[in-house]
Amino acid sequence: MYKLMLVEDQPEVLRAMTETLQWEELGFQTPVACADGRSAIARIEEGFAPNVVITDICMPFVDGLELAKYVAQHLPGTLVVMLTGYDDFQYAHKALRLKVFDYVLKPITPKSLRQLAARLREELDERRVKELDELDAHSRERFWTRLLTTSLSAATIDDHVRVHKLPAQGPFLVLAADLDLRRPATPEEGRENELLRYGMTNILTELVGQEENCLLCTPIQTACYVLLRGSDSQTLYTRAEHLAERLAAACIPLNHGATCGVSLPAQSLEQLHDAYRQATRALDYRFYCGALACIRLCEIGQPPSAPADFRAPERALTQAVKAGRAEDARAAVAQLCSLLEKQKSSYQDCLQHSQHFALHVLDCLTDCLSKEEVYRIEQFWEDSGFYAVSNLPQLCRLLLQLVETAFDAVARLSEDDSVARVRKVETYIREHYGDEDLSLNTIREEFAISISYFSTLFKTVTGCTFVEYVTQVRMAKARQMLTLTEKRAAEIAQAVGFADPHYFSVTFKRMTGMTPSQYRAQSRRTAAPEEIRSS
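Calculation rules
- Residues numbered from 1 in each chain as written.
- Predicted model: local features only at pLDDT ≥ 70, side-chain atom pairs only at ≥ 80, totals over all residues.
- Heavy atoms only, no water.
- Helix = DSSP H or I, 4+ residues; strand = E, 2+ residues; numbered from the N terminus.
- Buried < 20%, exposed > 50% of the residue type's maximum accessible area, 1.4 Å probe, protein only.
- Contact = heavy atoms within 4.5 Å.
- Areas by Shrake-Rupley, 256 points an atom, 1.4 Å probe, with all protein chains shown as cover.
- Pairing = 2+ DSSP bridges.
- Axes fitted to C-alpha atoms, helices over the stretch in contact; angles between N-to-C directions.
- Disulfide = S-S within 2.5 Å.
- Parallel < 35°, antiparallel > 145°, perpendicular 65-115°, else oblique.
- Left-handed = near helix turned anticlockwise from the far one by under 90°.
- Nonpolar A, V, L, I, M, F, W, Y, C, P; charged D, E, K, R; others polar.
- Expected span 1.5 Å × (residues − 1).
- Core = buried A, V, L, I, M, F, W, Y, C linked by side-chain atoms within 4.5 Å.
- 1 Å grid on protein atoms, 1.4 Å probe; cavity = no way out; pocket = protein on both sides within 12 Å on 5 of 7 lines; lining within 4 Å.
- Points joined across faces, edges and corners; volume = space filled by probe spheres on them.
- Polar contact = N/O pair within 3.5 Å; in protein donor to acceptor, adjacent residues only side chain to side chain.

(A) Spotlight on the overall build of the protein chain. Looking only at helices and strands, the protein chain features 23 helices and 11 strands. Out of the 535 residues in the protein chain, the part that is buried amounts to 43%. Considering only contacts within the protein chain whose residues lie at least 6 apart along the sequence, 68% involve residues at least 24 apart. For the protein chain, the exposed surface amounts to about 28,800 Å²; the carbon and sulfur share of it is 51%.

(B) Fine view of the sheet that holds strand 1 (residues 4-7). In space, the 5 strands of this open sheet follow the order 2-1-3-4-5, with parallel pairing throughout. The outermost strands of the open sheet, each flanked by one partner alone, are strand 2 (32-34) and strand 5 (102-105). With direction set aside, neighbouring strand axes in the sheet form an average angle of 15°. Where strand 1 lies against strand 3 (residues 52-56), 4 bridges are found, and the strand directions are parallel. The residue bridging Val7 from the neighbouring strand is Thr55, located in strand 3. Sheet contacts for helix 2 (residues 37-45): strand 1 and strand 2; angle to strand 1, the most-contacted strand, approximately 155°.

(C) Inspection of the state of the cysteines at higher detail. One pass over the structure, following the stated rule, counts 1 disulfide. A sulfur-sulfur separation of 2.2 Å characterises the disulfide bridge that pairs Cys337 with Cys396. Of this pair, Cys337 sits in helix 12 (residues 326-343) while Cys396 sits in helix 15 (residues 392-414), placing them 59 residues apart in sequence. The pair Cys337 / Cys396 is uniform in exposure class, with both members buried. The cysteine Cys251 is free of any disulfide, with Cys260 supplying the nearest cysteine sulfur at 8.6 Å.

(D) Region of interest: the packing of helix 12 against helix 13 (residues 347-365). Here helix 12 crosses helix 13 at 165°, and the two axes come no closer than 11 Å. Judged by the angle between their axes, helix 12 and helix 13 are roughly antiparallel. The crossing of helix 12 and helix 13 is right-handed. Contacts from Ala332, Val333, Leu336 and Leu340 of helix 12 reach helix 13 at Cys350, His353, Ser354 and Phe357. When its residues are assigned to classes, the contact of helix 12 with helix 13 shows 6 nonpolar, 2 polar and no charged.

(E) Seen up close, helix 12. Here helix 12 contains 18 residues, and its C-alpha end-to-end distance of 26 Å stays within 8% of the 26 Å for a straight helix at 1.5 Å per residue. The positive-phi residue at the C-terminal boundary of helix 12 is Lys344, with phi of around 55°.

(F) Seen up close, the nonpolar core. With 44 residues, the main nonpolar core has Phe287, Leu340, Phe357, Val361, Ile377 and Leu395 as its most contacted residues. Among the secondary structure elements, those contributing two or more residues to this core are helix 10 (286-289), helix 11 (312-323), helix 12, helix 13, helix 14 (371-382) and helix 15. Per-element tally for this core: the top contributor is helix 15, with 10 residues. With sequence-adjacent residues up to four places away left out, Val361 is seen in contact with Leu317, Leu402, Val403 and Ala406. Val422, Tyr433, Phe508 and Met514 belong to the second-largest nonpolar core, a separate cluster that totals 30 residues.

(G) The arrangement of the layout of surface pockets in detail. What the second largest pocket holds in volume is close to 870 Å³. Around the second largest pocket sit 35 residues that line it, and Arg183, Leu283, Asp284, Arg286 and Tyr347 are the ones nearest its centre. Listed by contribution, the elements that provide at least two residues to the lining of the second largest pocket are strand 6 (169-179), helix 7 (187-209), helix 9 (272-284) and helix 10. Sort the elements by how many residues they give to the lining of the second largest pocket and helix 9 lands first, with 5 residues.

(H) Representation of the pairing of strand 9 (residues 258-262). In terms of burial, strand 9 is largely enclosed, as 5 of its 5 residues are buried. Here strand 9 shows two buried faces, one formed by Ala258, Cys260 and Val262 and the other by Thr259 and Gly261. With 5 bridges joining them, strand 6 and strand 9 adopt antiparallel strand pairing. Bridged to Ala177 within strand 9 is Cys260. Bridge count for strand 9 against strand 11 (residues 294-296) is 3 bridges, and the pairing is parallel.

(I) Highlighting the packing of helix 13 against helix 14. Remark: helix 13 packs on helix 14, axes separated minimally by 10 Å, with the N-to-C direction vectors making an angle of 165°. Judged by the inter-axis angle, helix 13 sits roughly antiparallel to helix 14. Between helix 13 and helix 14 the crossing geometry is right-handed. Seen from helix 13, the contacting residues are Gln355, Ala358, Leu362 and Leu365; seen from helix 14, they are Val374, Ile377, Glu378 and Trp381.

(J) Spotlight on the side chain of Arg286. Mapped onto the secondary structure, Arg286 falls in helix 10. Take Arg286: its relative accessible area is 18%, and that puts it in the buried class. One polar contact links the side chain of Arg286 to the main-chain carbonyl oxygen of Leu179, over a distance of 3.1 Å. When neighbours within four sequence positions are excluded, Arg286 is seen to be in contact with Asp178, Leu179, Asp180, Thr259, Ile295 and Asn391.

Set out below in structure tokens:
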């Protein structure tokens, strides 16, 4: 039964309204009677939550309009009916603004009161049915979402099938849908993408509502998932492709395409979790094939069983840089992208392999370009939008731009004979760093160049003095030998051009912050075997 509150400041009228009708027969509990709006608010604050409030308008202390406003704020689902002996438009207008259920003029008769009670009960019954339907629909939707994202037990599935009277046998298809958006590089772009995806969800909701045996599940992460059921697999595929094409056409006003990934057919509810993952994988494959209306998993195929050699493109790049052949470097990029597509690597794996390749490009340039030029190319890569790429062709274009930018820088420096001469000296230093007599005089005799001119030129190109450069090369070789060999510090000092082992140790600590023995111990604790072998 529903709860009713009667509020009237005239005792005889309040008593008549309370006692005239058999309220239980009309679907209401015995009314709670209040003499004014203030006492009614007090009862509500004590915890009484009526389904209906029938109140006079003109009352002392707190009138009916104030009470209606209080009820609207604290019990928004409660129906309010206004009673008044004045046929006053101002009262009626205010009551309507408060969204009261009805506005009734006094005197009210038992017949009119009974008719009012019948209309109130009918309204409350309709609301209750609607709430139960919404609750049941929400429960079913939650179950379908759990069924897709979680591997549920057969007993749990059977319980839901029985309670919600759901179809237990397929075939089923799962369709994953998402807009083809640029991955957000800023929080603002992320919020804009959320709004666009919200718009797509509304469009898809309308399209699914026009289909039979079709259900839109709660959006999961960035994608929406649709469950289709039919009589045979081919019919289901046709329906899925038709729905995908309609979605793509409907999303044109959003200025973005929409792609759907379609699973393999699932014959039972237990297989829907696998179908959900298949649809997600099919949707992710748009990274390789670009934006299409529909991508069916059965058309993708399986990745090779043998792992790919992703170091091969890096080796090819190294040779291209040494030979100064830009076309070979571009071929190395194409080789990397071909491997990524053949392996059908995940998006994150694609980013990881591509970033490693880009870092290798920069490593190869370290010996060819000045620090300033290398830094400029690093900035180009950071500003390229690498982490926002949405498909493999975009990724390949960025890697090609990086390689071409690098080779353009190398070409500019190669045109400068003075720079080329410095590069020859750098090569000479790296080949003769173990000569303890290596000095500017050695360079002057070897290359027939003025010491003062060369010192200025060397500092301009490399960013450091001749002595600093020689020391850096020697320390780099010393660190490598400490990590990879068992030679004593004195032997290493001699091997890298230091006649005095003590001076070698002092220089090493000044540049690394550690003694040679400390460096060896730390590098062997932290370096992985694979890293040591590849050094």
